[in-house]
Every structure is written in structure tokens, then in C-alpha cells.
Amino acid sequence: MDLRKVLVANRGEIAVRVIRACRELGISTVAVYSEADRESLHVQMADHALCIGPPAPLESYLNIEAIVDAAKKSAAQAIHPGYGFLSENTSFAKRCEEEDLVFIGPTSNALALVGDKVASRVTMSKAGIPIIPGMKSKGTDPALFAAEAKKIGYPVLIKASAGGGGKGMVVINSPRELKEAVEASMRVAGGAFGDESVYLEKYLPAPRHVEFQVLADTHGNAVHLFERECSIQRRHQKVVEETPSVALDDRLRTKMGATAVEAIKAAGYTNAGTVEFLLDDDGRFYFLEVNARLQVEHPITELTTGVDLVRQQIAVARGEKLSFSQKDVRRSGHAIECRIYAEDPAKGFMPSSGRVAFLREPGGPGVRHDCGIYSGCQVPVHYDPILSKVIVWGEDREAARKRMLSALSETVILGIQTSIGFLQDVIAHAEFIAGNTHTDFIDKYMMPWKEEADKELLQVILTAAAVDAQGKAGQPGRSSSSSVRQVTPWQTGGGWRVGGQ
Ligand code: MV4
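Residues numbered from 1 in each chain as written. Predicted model: local features only at pLDDT ≥ 70, side-chain atom pairs only at ≥ 80, totals over all residues. Heavy atoms only, no water.

### What to know about the overall build of the protein
Logical step 1: Helix and strand counts for the protein stand at 16 helices and 22 strands.
Logical step 2: Expected size for 501 residues packed as a compact globule is a radius of gyration near 23 Å; at 23 Å, the protein falls within 12% of this value.
Logical step 3: Viewed in the frame of its principal axes, the protein has a C-alpha envelope of about 70 × 50 × 45 Å.
Logical step 4: Split into buried and exposed, the 501 residues of the protein put 56% on the buried side.
Logical step 5: Partitioning the contacts of the protein with sequence separation of at least 6, the portion at a separation of at least 24 is 68%. (Helix = DSSP H or I, 4+ residues; strand = E, 2+ residues; numbered from the N terminus. Rg over C-alpha atoms; globule rule 2.2 N^0.38 Å. Buried < 20%, exposed > 50% of the residue type's maximum accessible area, 1.4 Å probe, protein only. Contact = heavy atoms within 4.5 Å.)

What follows is the structure, given as C-alpha cells:
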């Protein structure tokens with residue numbers, strides 16, 4: 001299929017990533033932006049840009065009417081949804097299908113199936129794929145849950161059927177706690193998803209989160225591109241991802257990969273997707289869910305397999321056959337990604353916003369920086385606070401880890417708080433070095449966390465210097481009141497040090 005113009009229904013680093021892939025393919029790009037994003041990087045990089053509404057996500061990046069309208073106005077033939085926002089929204093995918101716009105992702109039917117966690121458990125179980133022991137129906141009646149919990153055996157975990165991502169999850173240790181937990185979970189699920197149905201699973205303590213990247217075309221071909229280990233998370237937000245996982249040997253890797261391919265075939269899933277598994281310390285793995293989007297951490301797969309996932313997504317959306325088969329997929333070396341957020345890890349990860357006074361990006365061999373900001377840009381309060389991702393490749397885990405430390409120390413973001421200092425401490429931690437990356441890593445080893453006093457002082461000094469330099473250079477300052485006093489210090493002084501040596 002002929003595809004000449006793509007609308008990117010997202011913002012930040014992922015919109016930039018998609019725009020670059022389109023440009024390489026000679027496809028022209030349409031950015032959409034909210035009133036808070038007029039001067040954002042993705043708007044500057046696209047060939048065309050349309051404002052789709054006020055800053056509030058519901059009125060802009062989540063506004064299906066406004067986005068479909070922008071696609072028509074700009075004569076875009078396809079929409080890339082990125083991650084988050086409308087990327088896994090069945091109604092949006094369906095609307096695109098009805099409007100003859102190519103949704104760069106799975107069909108609305110496949111999206112609906114994998115979005116329903118209980119329905120996908122049933123589908124996977126029928127296909128012979130191991131699922132976590134537990135219910136294969138959902139409900140709202142506490143009496144039903146008491147009988148099921150007894151069958152499964154305590155502790156059990158209650159989950160929202162429309163959920164995923166941990167929302168509405170409650171651990172239940174004994175029958176006493178059941179009624180209250182079920183009610184609490186239903187309340188959260190009803191509020192978050194407009195669907196209060198929940199179900200129970202056996203609770204696995206401190207499992208690993210191992211996910212497999214898959215690609216499927218519309219001709220029945222599917223491959224996996226190996227795993228990503230994403231166990232280091234905070235409140236179900238991933239912090240560091242790496243591939244390969246230290247927990248897999250080649251036998252287990254082959255088995256889980258084949259299972260991931262079976263899973264997407266069972267779901268009738270096409271385009272790029274991720275099959276999530278929980279893995280226990282005895283090497284038992286269980287299907288968790290399918291993430292029906294390009295994921296934040298996709299670059300580590302790109303660096304170790306050499307496959308450009310966005311390019312592949314576009315090829316599949318064009319109706320092309322996969323140009324390679326499973327035996328052609330090789331992996332090499334080790335890749336790690338750190339997500340840099342505008343937040344203050346020393347203050348409960350409170351989101352930070354404002355003007356980026358200065359940015360220095362990391363570079364050098366094996367270093368990739370997927371970035372959504374620039375020196376002087378505004379970071380709005382309205383959206384997910386991801387600023388950029390530092391992704392490194394090395395011949396082995398230790399080479400990649402050292403390269404990551406070096407890349408993080410090169411990265412300088414002035415004017416707002418970031419998680420860079422926290423990430424440096426994760427990557428340098430003895431338990432990380434040892435590969436003890438389980439889902440309880442951050443709570444167990446990193447909390448409470450505090451910036452080193454020296455680094456904090458350095459932040460204040462360098463921020464003041466950056467703001468001063470901008471004033472002297474007569475930059476088109478957005479605020480004339482950029483006094484030192486108002487500027488928030490940021491996280492890392494990069495390679496600079498206070499004092500000698
Ligand atoms: C679990 C679990 C333990 N037992 N299910 C969290 C997000 C959602 N996708 C599923 N999650 C979990 N499901 C059972 N039966 C533990 C988690 C979990 C987790 C999973 C992956 C990565 C990080 C996590 C952090 C806490 C809990």
C-alpha cells in the first residue's frame with residue numbers, strides 16, 4: 001500500500017522517534033500538539049503541525065474527534081499512536097478503520113481482546129500457554145471471590161479485568177481481608193476504567209518481569225525479537241530496562257520466545273507487540289498480558305537485534321510481508337535503557353516542570369539518546385514527565401553498565417529536577433551489578449534516596465551560571481524574570497565536580 005503521509009498522534013521523545021523513522025522512509029509527517037506544546041521539539045521536527053486543543057489531555061492528545069479531524073484536514077493516510085494516550089484505545093482504532101485511516105498497530109478486534117485481561121487469559125489458556133493459576137471469569141460478587149480464593153490458596157492477588165499496569169491490584173493474605181480488598185479494588189477499577197469487574201490470581205512474591213518483543217504481519221507470519229528484563233520499576237513505572245535478561249538461559253529463552261509467538265497468533269494480533277511474562281526463581285513463567293503498542297523500552301531491542309521497530313510497524317501497516325524469519329533474527333551484546341523523568345526522586349518523585357535552562361546530550365560509540373526536549377524548551381505539567389531515554393550498547397552486561405554510567409554523567413539538564421542522579425545510583429548499585437533485579441529492587445535497595453550534598457551544591461551553581469549565560473547571550477528568553485532565585489536546581493552536574501581532583 002502506498003503510504004506518503006503519517007500523522008503522529010503523540011508528543012515528546014516518542015513522537016520524535018516516529019518522525020525520524022518516517023523521514024528516513026520518505027514519508028511526510030504531521031505533528032499534532034496541544035496549546036501547551038506549541039514550541040515542543042516534535043512540532044519543530046515534523047513537516048506539518050496542527051493544534052488539536054487545550055493542554056488537558058482529554059481535550060487534545062486523547063481527543064479522538066480532534067485527531068481524526070486533523071488527519072482529514074492534513075490528508076494523512078495513516079496514524080501512528082506512539083505509546084500511552086490513544087495507542088491501545090479500541091474505539092480509536094475502530095474509528096480509524098471506519099474513516100479509512102490506517103492505524104499503525106493491531107486491528108481494533110485484537111486490541112479489544114488483549115485489553116480484556118480475563119478474556120486474554122481464557123484465550124491463552126485454550127492455546128496451551130501457561131497462565132498464573134486463578135480465575136478465568138470476572139465478577140463483582142464478594143461471595144464468589146471467597147470460594148475462588150480458597151480454591152487458589154492464599155495469598156491471592158486481585159486485579160481489574162480492564163486493567164493492566166497494576167491499577168486496582170491488591171494482595172490478600174487471608175479470608176479476613178477479602179471483602180474489603182475486593183471492594184477497594186472494584187472502586188479503583190470503576191474509577192480508572194469505567195468497569196469495576198475484577199478477578200483473582202495466585203500471588204507470586206517478587207517475580208521478575210520479562211517481556212518478549214514480537215512482530216506479526218497481516219499474512220500470518222510472526223517472529224519474536226528476544227526479551228527485555230524490566231523488573232526495576234517504581235509503582236509500575238519502569239525505571240531501567242535491559243536485554244538480555246540475566247535470568248534466562250538459551251533453553252528458557254527459546255521456549256519463552258516460542259510461547260510469545262504462539263500467544264500473539266492465538267490473539268490474532270498483528271504489528272509490533274509485547275508479550276509480558278512473570279518469571280519465578282525456579283524458571284517457571286506465566287503469561288501476564290499483551291502490550292499492544294510500541295513500548296518505551298523498544299530501543300534496547302533495536303540495539304541488540306539491529307531491527308528498526310518503527311520501520312517494521314510501518315511495513316506491516318502497509319500490508320508488506322515480514323522481510324525476515326525467526327532464524328534470521330540474531331542478537332548481539334547487551335543493551336540498557338534509563339528513562340530520564342522530570343521528577344524529584346529525593347522528594348517522593350514529585351513531578352517537576354518549567355523551562356530547561358540548558359541541555360547537554362550524551363554521545364559517543366554505543367550511546368543513543370532518544371530525546372523530546374531542547375535547551376530553552378518548556379516542560380509542561382500536563383503530561384507524563386518523561387524527558388528522554390539514554391540507551392547504551394556494550395559487548396556484555398558489564399561493558400554496557402559502565403557505558404551507561406559514563407553516558408549518564410555526560411547528561412546535563414539544568415532548570416528542572418530530573419531522575420539522573422537516582423539512575424546513576426541504581427546502575428552503580430552492588431545488587432544491580434550482581435543482576436539481582438527483581439520487582440522489589442527499588443523499595444528494597446534504593447529507598448529512601450538522597451542526592452549527594454556535593455552534587456546538590458553543584459546543581460545550584462551550574463544552573464545559576466546557565467541562566468546568567470543565557471541572559472548575556474541575549475537569548476529570546478521566554479520569561480524576563482529568569483533570576484537565579486527562581487530557578488530550581490536539577491539533578492546532575494555531569495562530569496563537573498566541586499573541588500579539586
Ligand atoms: C502479579 C504479581 C504477582 N503475582 N501477578 C504488576 C503490573 C501488572 N501488569 C501485573 N503486575 C504484577 N502481577 C501475580 N499473580 C506482581 C506484579 C507486580 C509487578 C509485575 C511486573 C513488574 C513489576 C511489578 C511490581 C509489583 C507487582
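### Remarks on helix α6 (residues 117–126)
Logical step 1: Within the span of α6, buried status applies to K117, V118, S120, R121, T123 and M124.
Logical step 2: Lining the buried residues of α6 we find α5 (108–115), β6 (156–160), β8 (198–202), α9 (250–266) and β13 (285–291).
Logical step 3: Near the N-terminus of α6, the side chain that reaches the backbone nitrogen of V118, with its oxygen 3.1 Å away, is that of D116.
Logical step 4: Two residues or fewer past α6, G128 is found with a positive phi of approximately 80°. (Polar contact = N/O pair within 3.5 Å; in protein donor to acceptor, adjacent residues only side chain to side chain.)

### Thoughts on the nonpolar core
Logical step 1: Ranked by internal contacts, the top residues of the largest apolar core, which has 72 residues, are V240, I373 and I413.
Logical step 2: In terms of residue count, the dominant contributor to this core is helix α1 (residues 12–24) (7 residues).
Logical step 3: Taken domain by domain, the makeup of this core includes at least three residues from each of domain 1 (5–104) and domain 3 (208–453).
Logical step 4: The contact partners of I373, leaving out residues within four places of it in the chain, are L41, V356, L359, V379, L387 and I413.
Logical step 5: Listed in part, the 50 residues of the second largest apolar core include V30, Y61, A66 and V261. (Core = buried A, V, L, I, M, F, W, Y, C linked by side-chain atoms within 4.5 Å. Domains from an automatic or database assignment.)

### Comments concerning the pattern of salt bridges
Logical step 1: Applying the stated criterion across every chain, the model contains 36 salt bridges.
Logical step 2: Two residues, K159 and E201, come together in a salt bridge whose shortest N-O distance is 2.9 Å. Note that K159 is positioned in strand β6 and E201 in strand β8, a separation of 42 residues in sequence.
Logical step 3: With relative accessibility at 10%, the residue K159 sits in the buried group.
Logical step 4: Across the salt bridge formed by E241 and R339, the nearest N and O atoms sit 2.7 Å from each other. A residue pair is termed long-range when its members are at least 10 positions apart, and E241 in strand β11 (residues 237–243) and R339 in strand β14 (residues 334–341) qualify at 98 residues.
Logical step 5: Given a relative accessible area of 5%, R339 falls into the buried group.
Logical step 6: Salt bridges here are not isolated pairs; linked through shared partners, they connect E211, R228, K238, E241, E297, E337 and R339. (Salt bridge = Lys/Arg side-chain N within 4 Å of Asp/Glu carboxyl O.)

### Description of the site of the ligand
Logical step 1: If you check the shell around the ligand, you find 18 residues, and the closest are K159, E201, K202, L204 and Q233.
Logical step 2: The side chain of K159 places a nitrogen or oxygen atom 3.0 Å from a nitrogen atom of the ligand.
Logical step 3: Taking K202, its main chain carries an N or O atom lying 2.6 Å from a nitrogen atom of the ligand.
Logical step 4: Contact with the protein chains covers 90% of the free accessible surface of the ligand, which is 530 Å².
Logical step 5: Counting only elements with at least two residues in the shell around the ligand, the list comes to β6, β8, β12 (271–279) and β13.
Logical step 6: In terms of residue class, the shell around the ligand is made up of 7 nonpolar, 6 polar and 5 charged.
Logical step 7: No fewer than three residues from each of domain 2 (133–202) and domain 3 (208–453) sit in the shell around the ligand. (Near = heavy atom within 4 Å. Areas by Shrake-Rupley, 256 points an atom, 1.4 Å probe, with all protein chains shown as cover. Nonpolar A, V, L, I, M, F, W, Y, C, P; charged D, E, K, R; others polar.)

### Points about the sheet that holds β11
Working definition: the strands of a sheet are paired by backbone hydrogen bonds and lie parallel or antiparallel to each other.
Logical step 1: One open sheet holds the 8 strands; their spatial order is β13-β12-β9-β10-β11-β14-β21-β19, and the pairing between them is antiparallel. Both outer strands of the open sheet, β13 and β19 (367–371), are each paired with one neighbouring strand and no more. Put simply, the sheet's adjacent strands are angled 25° from each other on average, direction ignored.
Logical step 2: Sheet strands in contact with helix α10 (residues 298–305) are β9 (208–216), β10 (222–234), β11, β14, β19 and β21 (386–394), and its direction is about 25° off that of β21. (Pairing = 2+ DSSP bridges. Axes fitted to C-alpha atoms, helices over the stretch in contact; angles between N-to-C directions.)

### Some details on the side chain of D280
Logical step 1: Following the sequence through the fold, D280 ends up in the loop between β12 and β13.
Logical step 2: In this structure the side chain of D280 is engaged in a polar contact, spanning 2.9 Å, whose partner is the backbone nitrogen of D282.

### Things to note about the pairing of strand β2 (residues 28–34)
Logical step 1: Of all 7 residues making up β2, 6 are buried, and the element is well covered by its neighbours.
Logical step 2: Two elements, strand β1 (residues 5–8) and β2, share 4 bridges in a ladder whose sense is parallel. Across the sheet, residue V6 finds its bridge partner in β2, namely T29.
Logical step 3: Pairing of β2 with strand β3 (residues 48–53), which is carried by 5 bridges, proceeds in the parallel orientation. When the bridges of β3 are listed, V30 appears paired with H48.

### Some remarks on the domain arrangement of the protein
Logical step 1: The assigned domain composition of the protein is domain 1 (5–104), domain 2 (133–202) and domain 3 (208–453).
Logical step 2: For domain 1 and domain 3, the distance between their C-alpha centroids amounts to 23 Å.
Logical step 3: Contacts between domain 1 and domain 3 engage 32 residues on the former and 31 residues on the latter.
Logical step 4: Surface buried jointly by domain 1 and domain 3 totals about 2,400 Å² across both partners, of which 58% is contributed by carbon and sulfur atoms.
Logical step 5: Considering only the side of domain 1, the residues that lose the most area to domain 3 are E13, R17 and Y83, jointly responsible for 26% of the buried surface there.
Logical step 6: Notably, a salt bridge pairs D308 with R17, separated by 2.8 Å at the nearest N-O pair.
Logical step 7: Our enumeration of links across domain 1 and domain 3 arrives at 12 residue pairs in polar contact (both at pLDDT 80 or more).
Logical step 8: Elements with a contribution of two residues or more to the side of domain 1 that touches domain 3: α1 and α2 (41–45).
Logical step 9: In terms of residue count, the dominant contributor to the side of domain 1 that touches domain 3 is α1 (9 residues). (Buried area = accessible area lost by both parts, 1.4 Å probe.)

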